[in-house]
Amino acid sequence: MRLVAWQPDDLLRRLDDVVSVYGAAMGYRKELLQTRRGYIGSHVRRPGFRAVATLTTEGGLAGFGYGYTSAPGQWWHDQVRSAVDETARRQWLTDCFEVVELHVRPAAQGHGIGARQLRALLAMADGKTVLLSTPEADEQVSRAWRLYRRFGFTDVLRSFLFPGDERPFAILGREIPLPAEAGG
């Protein structure tokens with residue numbers, strides 16, 4: 001496995017693979033993936049866009065992650081902003097990098113790929129804070145939750161319902177840059 005930084009065009013060239021990994025990792029229905037494909041494709045032009053990918057020795061996509069500077073007028077930013085109080089807005093959303101997607105193909109999970117991707121992505125991130133959303137789950141069972149907790153992410157908002165998704169999500173955040181030992 002090889003971790004690489006991706007430019008916007010790299011992600012766009014592999015968009016079919018990205019959507020495949022995303023769908024498998026999130027368990028989304030195929031009909032929803034076409035909509036997500038459009039969103040993902042448009043995100044590459046956002047300010048502060050950063051992306052990483054984990055490639056197999058054969059060149060297959062085992063995982064990917066990307067994010068950008070979170071700003072007013074962006075759907076996710078505005079959803080979260082409307083759900084938190086003014087103190088949280090100032091603390092978390094003023095100078096924030098948003099981890100939009102971080103996924104590993106289920107067959108490749110459990111080998112540290114997600115941790116390497118998250119560490120690399122946050123090392124490239126601009127801002128004072130980083131936020132992400134993840135489906136609510138048992139923190140002892142969910143690999144994603146264990147990863148985010150290991151990296152020092154704390155609760156910003158719990159059981160949040162995004163329009164168009166019936167599952168509750170948690171919004172997690174931390175300050176950046178990461179200390180050298182974060183994420184174990």
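Residues numbered from 1 in each chain as written. Predicted model: local features only at pLDDT ≥ 70, side-chain atom pairs only at ≥ 80, totals over all residues. Heavy atoms only, no water.

Undergrad: Would you mind going over the nonpolar core with me for this structure?
TA: Proteins that are soluble and globular tend to have nonpolar side chains buried together. Within the largest apolar cluster, 36 residues are counted, with the highest numbers of intra-cluster contacts made by Trp6, Leu11, Leu61, Phe64 and Tyr66. With six residues, helix H2 (residues 15-26) is the single largest residue contributor to this core. Non-local contacts of Leu11, meaning those with residues more than four positions away in its chain, are made with Trp6, Val18, Ile40, Val44, Phe49, Ala51 and Tyr66. Within the second largest apolar cluster, 20 residues are counted, among which are Leu122, Leu147, Phe151 and Leu178. (Core = buried A, V, L, I, M, F, W, Y, C linked by side-chain atoms within 4.5 Å. Buried < 20%, exposed > 50% of the residue type's maximum accessible area, 1.4 Å probe, protein only. Helix = DSSP H or I, 4+ residues; strand = E, 2+ residues; numbered from the N terminus. Contact = heavy atoms within 4.5 Å.)

Undergrad: What exactly am I supposed to notice about the pairing of strand S7 (residues 168-175) here?
TA: The two faces of a sheet get side chains in turn, since along a regular strand they alternate between them. Burial analysis of S7 places six of its eight residues in the buried class, which makes it a mostly covered element. Inspection of the sheet shows strand S5 (residues 129-135) paired to S7 by seven bridges, in the antiparallel sense. Counterpart to Thr134 in the pairing with S7 is Ala170. Sheet topology note: the strand S6 (residues 154-161)/S7 ladder contains five bridges and is antiparallel. Looking at the pairing, Leu161 lines up with Pro168 of S7. (Pairing = 2+ DSSP bridges.)

Undergrad: Mind showing me how you'd approach the confidence of the model for the protein chain here?
TA: When pLDDT is low, close inspection of the predicted coordinates is not appropriate. Predicted confidence across the protein chain gives a mean pLDDT of 93, with 98% of residues reaching 70 or more. Mean pLDDT across the elements of the protein chain ranges from a minimum in helix H3 (residues 30-43), with 83, to a maximum in strand S2 (residues 50-55), with 98. (pLDDT = per-residue confidence, 0-100.)

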